[in-house]
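For reference, the chains in residue letters:
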Amino acid sequence: MTTFSVTTNLTRYYFHNSSQIKVTCPNHCGERCSFFSWKYGHYFEFLSTKDLNIKVRCTLCVGEKVLSTFKNTTSNLKKHLESQHSTVKLTERVPPSGPKQRAVTSAEGPTPPKQQKLDFGAKPVSDEELKKLVAQYIVEEMLPINTVDSPSFRAIIKKIPTSVNAELPHRTTFTSYLEKEFTEMERNLKATLNEIDFVSTTADIWTANNRSYMGVMLHWISRTTLERHKVALACRRIRGRHTYDVIGTEIENIHSSYGLLNKVVATVTDNGSNFVKAFQVYHPVTESDDETEEEESSPKDDDVTFSDLSEILSAENESDGQLSLPPHRRCASHTINIICTRDVEKHLTTNAESRAVYRSSTAKCTALWTKSSRSTLASETVEEISKRKLLIPTATRWNSFFDAVKRIAEIPMGELNTLCTKLGLKCFKDQEYQFLHEYCMAMKPLTAALDILQGDCPYGTLLPTLEVLMQKTQAVKDDLSRMTAGLPDAIVQAIQTRFAGVLDDKDALLAAASCPKFKLRWLRDAGRRERVKQLLTAECCTTAPLVKNPASVPSATTSSSQGEMDFFTFEAEPEEETYSAEKEVMDYLMSGYDLQILHKFSSIKTIFLKYNTPTPSSAPVERLFSLGGLVLTPKRHRLSDKRFEKLLRYYNFEHLYG
């Protein structure tokens, strides 16, 4: 049995098998002192002894914190540590030396007395994990699949510690693995869609490298979390002309392949005439239309009509092949972009006050854009003088013309004319420079609304955005000169004309009213607000589940016990409270504006899911095409259409849901 002796200037400590067994007062009074045997005593410095008490100083406190405690107890010191240093990880007193003496960490406190050993050895990666990581890397970085055959890439992979027999497969085997992963992704997606009641799609056609593709994005809202979800549903090759019948057939085939024919509440596309005609021709046939046709075509009892059997059979075959597309929604962002370009330009070029200054100022801006984009010397001159680069307008990019003009208007006129002089261009006049500023001022609300609508927002955002847009556009009218004074009225008139079918649309009104952040607050007219409230109430009555009639519920009592029950008399039971749509709407309108309050109102929640699943813009599918441009590069022109679609969708799915 080993005994360690340690002498200090205060007392003598005795350790027996790493434990203190005897501690006496340092004043040699012969009394035992609990402080010196306490396991956390090293956090205090002994000062003095007076009668039955001792004074110590806390080494953890800032300054001179003197505490007093009895010799035979350490409760005061323990309470001090718990109240003042609860966040510190306390450690027990460590013997000064010895291989078997180690610190014991308490459950409360933080830093061990000795530095812990860190294990830098990486855990071996399994064969399945290795293939999963490489697949994510190749898909997310848009790399060719034959990257796995690259000697340098395989040399890097060999440096990764793997389990026994784990090896990166070559291209053929790795392709099979990607096919298996894609099949699993499809199975999970279909299982998810089986549990969803309302979905919407955005569709468009994209052409690159002399190939055309139909892209479709799927959108839905989770009933439990009310979060929006989207995923790439298809990016299929289209051959031939992009006629309305080809578009309608392809959209229905994509919807039917996932069992979505009765779930799609709307499809959002741009304003292309081929898309518009496809949905006009192949619109869904309603029950009321069927009844009307039957009433009109049913003959009288006295009439006898003979028909050719072959014609009847051929007509039935044609009707079976009739397409039925979901309701159509035009892209609001594309419509606003048309207002920003065509309608605004038409007003500025036809108005006598703005025609000349508009043409001269835009001509000088165009000269700047052309010069800086075609000459590196001119581009360097622009960056040297203005400390920024000019933005070049792009016809296919929304807001690009406004952003380009705004960038020029932000340059001080002195620097702008200096730049024009160095580039050999005509300088801007005061009136032209003023026109650029007023143009940006009048167009700013329009571009802000476009940015809002092309985000990932519900369909209920559309009407409040349009209402506020018209108000903000009219508000800047007083700050404009005669050159652009009529521009706000022209913008508002264009909005009312191009969105005439949406401003009073039932679906759009219900979508906005069922959004908690909007409700009816965006409506300024009291009469219109009351009408939307009644519309919401009527929709709640239609959506609410039917209440069971108590009389229709079978009685649980048997005939033998019926006679006994007739002997008793009971108080009349209160009638079950029936559903009140008016009450639910009133409670909803008086509640908060957080999205999660919809869980308290089942009918309004269903209305929200039904009418807000679509997006007001087709921008999501446009972003899918931007991603496709990174995959379908000229160096990968041999990539098959099916492989391209799978890689694009796999990347989209992994990027969104990892």
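These numbers come from a predicted model, not from an experiment.

### As for the pattern of salt bridges
- With the rule as written, the count across this model stands at 25 salt bridges.
- Where Glu250 meets Arg236, a salt bridge forms, and the shortest distance between an N and an O atom there is 3.9 Å. Of this pair, Glu250 sits in helix 5 (residues 244-257) while Arg236 sits in strand 9 (residues 228-238), placing them 14 residues apart in sequence.
- A residue is classified by how much of its surface remains accessible, and Arg236, at 23% relative accessible area, is partly exposed.
- For Arg528, the salt bridge goes to Asp504, with nearest N and O atoms at 3.6 Å. Taken together, the residues span a long stretch of sequence, with Arg528 in helix 19 (residues 526-543) and Asp504 in the loop between helix 17 (500-503) and helix 18 (506-513) at a distance of 24 residues.
- Look at the salt bridges and you will find they share partners, linking Arg211, Arg237, Arg239 and Asp641 into a network.

### Examining the environment of Leu416
- Among the structural elements, Leu416 can be located in helix 13 (residues 413-423).
- C-alpha of Leu416 to C-alpha of Ile385: the two residues are 31 residues apart in sequence and 8.4 Å apart in space.

### Some remarks on the sheet that holds strand 11 (residues 328-330)
- Strand order in the open sheet formed by 5 strands is 9-8-7-10-11, and the pairing between neighbours is mixed. Each end of this open sheet is capped by a strand with a single partner; those strands are strand 9 and strand 11. Here the average twist between neighbouring strands, direction ignored, is 25 degrees.
- Its contacts with the sheet place helix 5 against strand 7 (199-208), strand 8 (211-221), strand 9 and strand 10 (264-269), and it is angled at close to 130 degrees to strand 9.

### A word on the side chain of Asp270
- For Asp270, the location among the structural elements is in the loop between strand 10 and helix 6 (273-281).
- Nearest to the buried, unbridged Asp270 among oppositely charged side chains is Arg330, at 8.8 Å.
- Within the structure, Asp270 has its side chain in polar contact with the backbone nitrogen of Gly272 (distance 3.1 Å).
- What Asp270 contacts, discounting residues up to four positions off in sequence, is Asp204, Phe275, His328, Cys331, His334 and Ser618.

### Focus: the sheet that holds strand 4 (residues 44-50)
- Taken in spatial order, the 3 strands make up an open sheet running 4-5-6, and their pairing is antiparallel. Each having just a single partner strand, strand 4 and strand 6 (66-70) make up the two edges of the open sheet. Each strand axis lies, on average, 30 degrees off the axis of its neighbour in the sheet, ignoring direction.
- Relative to strand 5 (residues 53-58), strand 4 is paired through 6 bridges, and the arrangement is antiparallel. By the bridge assignment for strand 5, Thr49 is matched with Ile54.
- On the sheet, helix 1 (residues 75-84) packs against strand 4, strand 5 and strand 6 and is oriented at approximately 140 degrees with respect to strand 6.

### As for the side chain of Thr175
- Residue placement: Thr175 occurs in helix 4 (residues 171-193).
- For Thr175, a relative accessible area of 13% translates into the label buried.
- In this structure, Thr175 is in contact with Ile145 and Arg643, ignoring residues within four places of it in sequence.

### A look at helix 10 (residues 355-374)
- Spanning 20 residues, helix 10 covers 28 Å between terminal C-alpha atoms, matching the ideal 28 Å at 1.5 Å per step.
- Turning to helix 10, its buried residues number three or more, namely Val357, Tyr358, Ser361, Thr362, Lys364, Cys365, Leu368, Trp369 and Ser372. Projected down its long axis, helix 10 carries its buried residues within an arc of 155 degrees, all on one side. In helix 10, the exposed residues that point more than 90 degrees away from the buried face are Ala356 and Arg374.
- Contacts made by the buried residues of helix 10 are with helix 9 (332-350), helix 11 (376-386), helix 12 (400-409), helix 13 and helix 14 (430-453).

### Re the confidence of the model for the protein
- Taken as a whole, the protein shows an average pLDDT of 80; of its residues, 79% reach a score of 70 or greater.
- Low pLDDT (under 50) marks residues 546-557, which in the prediction has 2 contacts with non-local residues, meaning those over four places away or in another chain.

### Examining the packing of helix 9 against helix 10
- Where helix 9 contacts helix 10, the two axes come as close as 6 Å, and the packing angle between them is 120 degrees. Judged on the interaxial angle alone, helix 10 and helix 9 are oblique. Here Glu345, Leu348, Thr349 and Thr350 of helix 9 lie close against helix 10, whose contacting residues are Arg355, Tyr358 and Arg359.
- Along the lines of polarity and charge, the residues of the contact of helix 9 with helix 10 split into 2 nonpolar, 2 polar and 3 charged.

### Some words on the packing of helix 15 (residues 462-475) against helix 16 (residues 487-498)
- Orientation of helix 15 relative to helix 16, taken along the N-to-C sense of each, is 165 degrees, at an axis distance of 9 Å. When the axes of helix 15 and helix 16 are compared, the pair comes out roughly antiparallel. For the crossing formed where helix 15 meets helix 16, the hand is left-handed. Where helix 15 abuts helix 16, its residues Leu466, Leu469, Met470, Thr473 and Gln474 lie against Pro488, Asp489, Ile491, Val492, Ile495 and Gln496.
- Of the residues assigned to the contact of helix 15 with helix 16, the class counts are 7 nonpolar, 3 polar and 1 charged.

### Thoughts on the packing of aromatic side chains
- Scanning all chains against the criterion turns up 13 aromatic pairs.
- For the ring pair Tyr137 and Phe153, a centre distance of 6.0 Å and an interplane angle of 10 degrees mean the geometry is stacked. In this pair, Tyr137 sits in helix 2 (residues 127-140) while Phe153 sits in helix 3 (residues 151-158), placing the two residues 16 residues apart along the sequence.
- With a centroid separation of 5.0 Å and 55 degrees between ring planes, the pair formed by Tyr213 and Phe644 is classed as tilted. Note that Tyr213 is positioned in strand 8 and Phe644 in helix 24 (residues 641-657), a separation of 431 residues in sequence.
- Exposure remark for Tyr213: the relative accessible area of 0% places this residue in the buried category.
- Looking at Phe644, the relative accessible area reads 0%, which means it is buried.

### What to know about helix 2
- A rise of 1.5 Å per residue sets the reference length of helix 2, with its 14 residues, at 20 Å; its end C-alpha atoms lie 20 Å apart and thus fit the reference within 8%.
- Of all the positions in helix 2, only Leu130, Lys131, Val134, Ala135, Ile138 and Val139 are classed as buried. Viewed end-on, helix 2 has its buried residues packed into an arc of 150 degrees, placing them on one side of the element.
- At the C-terminal side of helix 2, Met142 shows a positive phi close to 60 degrees.

How each quantity is defined
- Residues numbered from 1 in each chain as written.
- Predicted model: local features only at pLDDT ≥ 70, side-chain atom pairs only at ≥ 80, totals over all residues.
- Heavy atoms only, no water.
- Salt bridge = Lys/Arg side-chain N within 4 Å of Asp/Glu carboxyl O.
- Helix = DSSP H or I, 4+ residues; strand = E, 2+ residues; numbered from the N terminus.
- Buried < 20%, exposed > 50% of the residue type's maximum accessible area, 1.4 Å probe, protein only.
- Pairing = 2+ DSSP bridges.
- Axes fitted to C-alpha atoms, helices over the stretch in contact; angles between N-to-C directions.
- Contact = heavy atoms within 4.5 Å.
- Lys, Arg positive; Asp, Glu negative; His and termini not counted.
- Polar contact = N/O pair within 3.5 Å; in protein donor to acceptor, adjacent residues only side chain to side chain.
- Expected span 1.5 Å × (residues − 1).
- Arc of directions from axis to C-beta.
- pLDDT = per-residue confidence, 0-100.
- Parallel < 35°, antiparallel > 145°, perpendicular 65-115°, else oblique.
- Nonpolar A, V, L, I, M, F, W, Y, C, P; charged D, E, K, R; others polar.
- Left-handed = near helix turned anticlockwise from the far one by under 90°.
- Phe/Tyr/Trp six-rings, centres within 6.5 Å; stacked < 30°, edge-to-face > 60°.

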